[in-house]
Amino acid sequence: MRRELEVILDSTYDAMIAVDKHGIITLFNKAAERLTGIDSKYALGKSVKEVILNTRLVHILETGDYELNRQQDLGNIKIITNRMPVKDENGEIIGAVAVFRDVTDILDLATQITNLKEIQSMLEAIFNSTQDAISVVDQNGINVMVNPAYTELTGLREEDILGKPATIDLVEGQSVHMEVLATKKPIRNARLIVGPNKREVIATAAPIIVDGELRGSVGVLRDVSEIIKLNKELNAAKQIIRKLEAKYTFDDIIGQNELILKAIEKAKKAANTPATVILRGESGTGKELFAHAIHNESDRKFSQFVRVNCAALSENLLESELFGYEEGAFTGAKKGGKKGLFEQANGGTIFLDEIGDISLNTQAKLLRVLQEKEIVRVGGTKPIPIDVRIITATNLDLEKAVEEGKFREDLYYRLNFIPINIPALRYRKDDIYPLVIHFIKKFNQEYGRRINDITKEALDILKKHDWPGNVRELENVIGRAIINMKHCENVIDVKHIPLIDSYIKYDRQNLVQTEDINDLEDITLEEAVSKLEKELITKTLKKYKNNKTKTARALGISIRSLYYKMEKYNIN
Ligand SMILES: Nc1ncnc2c1ncn2[C@@H]1O[C@H](COP(=O)(O)OP(=O)(O)OP(=O)(O)O)[C@@H](O)[C@H]1O
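Being a predicted model, the structure only gives us computed values, none of them experimental.

Visitor: Could you give an account of the packing of helix α22 (residues 525-543) against helix α23 (residues 548-555), naming the residues involved and the relevant values?
Guide: α23 packs onto α22 with a crossing angle of 130° between their chain directions and a minimal axis gap of 9 Å. Relative to α23, the element α22 is oriented oblique. In the crossing of α22 with α23, the sense of the turn from one axis to the other is right-handed. Residues Ile537, Thr540 and Leu541 of α22 pack against Thr551, Ala554 and Leu555 of α23. Here the residues of the contact of α22 with α23 are counted per class, giving four nonpolar, two polar and no charged.

Right under this line is the structure:
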């Protein structure tokens with residue numbers, strides 16, 4: 001029995017040391033050897049004081065005290081000790097026993113568990129607070145965990161999901177969890193539609209592998225409905241911006257007169273072909289409006305509409321604007337060169353206004369664009385293919401310019417492929433009333449007014465006028481009439497349009513005052529008109545102290561036309 005007891009004592013993990021009443025070591029088991037590094041053969045029979053310094057066993061022998069569960073550090077080792085006296089049947093102390101338990105591993109484990117718990121709480125907090133919707137399935141594809149973002153996104157409750165197959169939330173697409181479980185490989189950015197709210201999501205999933213074994217899959221859903229919605233809004237906004245670049249459609253062209261209706265019909269037909277269109281008509285008849293409308297009616301409507309006023313730029317500037325230039329093409333050329341308007345309008349429409357004013361040199365280059373469908377940048381040699389619909393406009397007599405050798409005949413024929421004549425307002429006076437109503441509405445919006453009509457008498461005055469500045473002039477007159485109206489008045493009357501009267505009078509007075517009709521003898525009508533035009537412009541500029549906007553408005557012409565005419569007549 002004693003031998004068996006010895007085996008038991010040697011095989012236990014607890015280190016045990018016993019002493020007799022003299023403090024002589026009588027038991028020193030294997031675990032005590034391991035703990036102290038002292039051989040039992042050396043220790044047995046020796047005084048405990050000799051073998052182990054600092055032992056409390058002597059104190060126990062002397063006092064008979066019990067010391068239980070005392071923690072102690074032995075270097076790196078942490079131990080718990082129980083020390084107690086051994087007594088005979090009379091209660092006499094006959095020895096003492098110490099049992100040491102190495103708790104380093106247990107304490108380490110406890111610390112690890114505490115750390116794990118902290119990590120777990122942290123992960124739980126992240127899991128519950130992240131906006132990414134997370135779901136976890138086990139190796140059989142059964143949902144075992146979902147976070148609040150997940151239930152919110154899918155519109156399903158936890159109890160609808162947990163314990164159910166991974167596919168429970170799917171409306172459209174393949175389950176990423178099932179794919180991960182089948183392939184053991186992560187999946188990124190799969191597009192799915194999930195839950196009763198049919199949310200569009202991007203799903204990412206990865207396998208959970210523990211000790212080389214597949215235990216499940218964790219998936220993250222990201223809601224892209226909002227992004228898709230914003231993208232749609234962005235595209236719609238882009239379209240509006242593009243439309244704004246060519247802002248008018250045929251609905252904006254007001255007119256019931258047969259002549260304008262014919263022009264509209266022809267322009268609509270032309271819009272659906274790739275053909276070059278030339279808009280012919282006096283200044284202010286609506287040529288630019290037609291160009292916008294043709295672009296917006298064509299299948300190029302979502303691409304660029306670029307307008308170029310050919311009369312406003314010098315030859316060199318016009319060429320570099322139209323065709324762009326290579327780096328170093330001329331002094332002041334930008335580094336890296338510059339794209340021209342033809343390149344910018346690629347896929348769209350270019351509107352060349354006042355085409356009759358371009359130089360023969362530029363005409364040759366334009367012809368090349370029409371024939372070869374390519375451009376060469378200024379200072380460059382490489383042809384760049386372009387696909388641009390060309391619309392041109394002019395109020396000049398192009399045929400005469402061809403006769404006089406000022407305009408290339410071959411270019412004329414190319415440009416004149418579909419000519420659309422926009423009649424002057426004096427030939428369609430029945431359009432004055434609808435146009436007046438149209439401009440009233442426009443100015444009501446701009447000025448915050450509530451004007452709703454014009455009296456018959458006022459309309460008659462307008463109808464008597466010849467409208468050399470065409471619709472633009474009419475627009476100006478209505479604008480000025482509205483400024484003359486009191487806030488309580490809502491119908492334009494004769495008294496509101498004195499300007500037109502004075503303008504006509506002013507016009508006539510000036511003509512009569514400045515030019516004696518006798519001086520105009522023996523000159524052509526065109527020369528006479530030019531002379532008077534120059535004089536009138538000079539006088540009006542003087543009257544408005546060189547303010548071009550006011551002068552153009554008073555003359556009922558565009559600022560562009562004013563500049564053009566000032567250059568033509570050399571007026572500074
Ligand atoms: N039929 C119309 N309906 C509504 N507005 C019109 C019409 N015709 C012209 N307008 C308006 O008159 C003004 C002048 O038109 P636009 O600039 O298109 O004329 P244009 O012939 O190109 O003139 P220019 O030769 O001087 O450049 C613009 O404000 C335009 O909106």
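From this point, the discussion proceeds with the structure in view.
Visitor: Could you give an account of the sheet that holds strand β6 (residues 133-138), naming the residues involved and the relevant values?
Guide: Ordered by their spatial adjacency, six strands build an open sheet running β7-β6-β11-β10-β9-β8, and the pairing between neighbours is antiparallel. Of all strands in the sheet, those with a lone pairing partner are β7 (143-146) and β8 (170-172), marking the two edges. Going from strand to strand, the sheet's axes swing by 40° on average, the running direction of each strand aside. Bridge analysis of β6 against β7 gives three bridges, and the strand direction is antiparallel. Looking at β7, one finds that Ser135 is bridged to Val146.

Visitor: Provide a residue-level description of the nonpolar core, including the pertinent values.
Guide: Ranked by size, the top nonpolar core spans 44 residues in total, and within it Leu279, Phe290, Ile294 and Ile350 carry the most contacts. It is helix α11 (residues 258-271) that contributes the most residues to this core, five residues altogether. If sequence neighbours within four positions are ignored, Phe290 has contacts with Ile253, Ala267, Leu279, Ile420 and Ile422. Formed by 20 residues, the second largest nonpolar core is a distinct cluster that contains Phe439, Ile454, Leu462 and Ile478.

Visitor: Would you mind going over unusual backbone geometry in detail, with residue names and values included?
Guide: Within the chain, Asp211 stands out as a residue other than glycine whose phi angle is a positive 50°. Inspection of the secondary structure assignment puts Asp211 in the loop between β10 (199-210) and β11 (213-223). A positive phi angle, near 55°, is found at Lys373, a position not held by glycine. Here Lys373 lies in the loop between α15 (360-372) and β17 (374-376).

Visitor: An account of the site of the ligand is requested, with residue identities and associated values reported.
Guide: Around the ligand, the structure places 20 residues, and the nearest of them are Ser283, Gly286, Lys287, Glu288 and Val471. For the shell around the ligand, the elements supplying multiple residues, two or more each, are α12 (287-297), α20 (470-483) and α24 (559-568). Broken down by class, the residue content of the shell around the ligand amounts to four nonpolar, 10 polar and six charged. Taken together, domain 3 (245-423) and domain 4 (431-568) each give at least three residues to the shell around the ligand, which thus spans both.

Visitor: An account of the confidence of the model for the chain is needed here, citing residue identities and associated values.
Guide: On average, residues of the chain score 86 in pLDDT, and 93% of them are at 70 or above. In the model, residues 501-519 has pLDDT below 50 throughout and makes 11 contacts with residues more than four positions away in sequence or in other chains. Here the predicted complex scores 0.52 on pTM and 0.98 on ipTM.

Visitor: Explain the packing of helix α13 (residues 315-323) against α15 to me, using residue names and the numbers behind them.
Guide: Orientation of α13 relative to α15, taken along the N-to-C sense of each, is 15°, at an axis distance of 10 Å. In terms of orientation, α13 and α15 fall into the roughly parallel class. The handedness of the crossing between α13 and α15 comes out as right-handed. Contacts from Glu315, Leu318, Glu319 and Phe323 in α13 reach Asn361, Thr362 and Lys365 in α15. Along the lines of polarity and charge, the residues of the contact of α13 with α15 split into two nonpolar, two polar and three charged.

Visitor: Quick rundown of the pairing of β10? Include the residues and the values.
Guide: Where strand β9 (residues 187-194) and β10 come together, six bridges link them in antiparallel fashion. Following the sheet pairing, Leu192 is matched in β10 by Val201. Where β9 folds back on β10, the antiparallel hairpin that results is connected by four residues, among which Gly195 adopts a positive phi of roughly 70°. Note: β10 against β11, 10 bridges, orientation antiparallel.

Definitions and cut-offs
- Throughout this document, residue positions are counted from 1 along each chain, in the order its sequence is written.
- Reporting in this predicted model follows two pLDDT cut-offs: at least 70 for local features of residues, and 80 or more for side-chain atom pairs to be given and counted; totals over whole chains, interfaces and linings ignore these cut-offs and use all residues.
- Interaxial angles span 0 to 180 degrees and are taken between N-to-C directions of axes, which are lines fitted to C-alpha atoms, for helices over the stretch in contact.
- Numbering of helices and strands runs from the N terminus; a helix is a DSSP stretch of H or I covering at least four residues, while a strand is a stretch of E covering at least two.
- Under this scheme an angle from 65 to 115 degrees is roughly perpendicular, one under 35 degrees roughly parallel, and one over 145 degrees roughly antiparallel; angles in between are oblique.
- Two helices that cross are described as forming a left-handed crossing if the nearer one is turned anticlockwise from the farther one by less than a right angle, and a right-handed crossing if clockwise.
- Residues are defined as contacting one another if the C-beta atoms placed from their backbone atoms lie within 7 Å.
- Classification used: nonpolar for Ala, Val, Leu, Ile, Met, Phe, Trp, Tyr, Cys and Pro, charged for Asp, Glu, Lys and Arg, polar for all others including Gly.
- By this definition, two strands are paired if DSSP reports at least two bridges between them.
- Any set of buried Ala, Val, Leu, Ile, Met, Phe, Trp, Tyr and Cys residues joined through C-beta atoms within 7 Å is what this text calls a nonpolar core.
- Three exposure classes are used, based on other C-beta atoms lying within 10 Å of a residue's own C-beta, which is placed from the backbone: buried for 20 or more, exposed for 12 or fewer, and partly exposed in between.
- Should the C-beta atom of a residue, placed from the backbone, lie within 6 Å of a molecule or strand, that residue is near it.
- An automatic or database domain assignment supplies the residue ranges for each domain.
- Think of pLDDT as the predictor's per-residue confidence, scored from 0 to 100.

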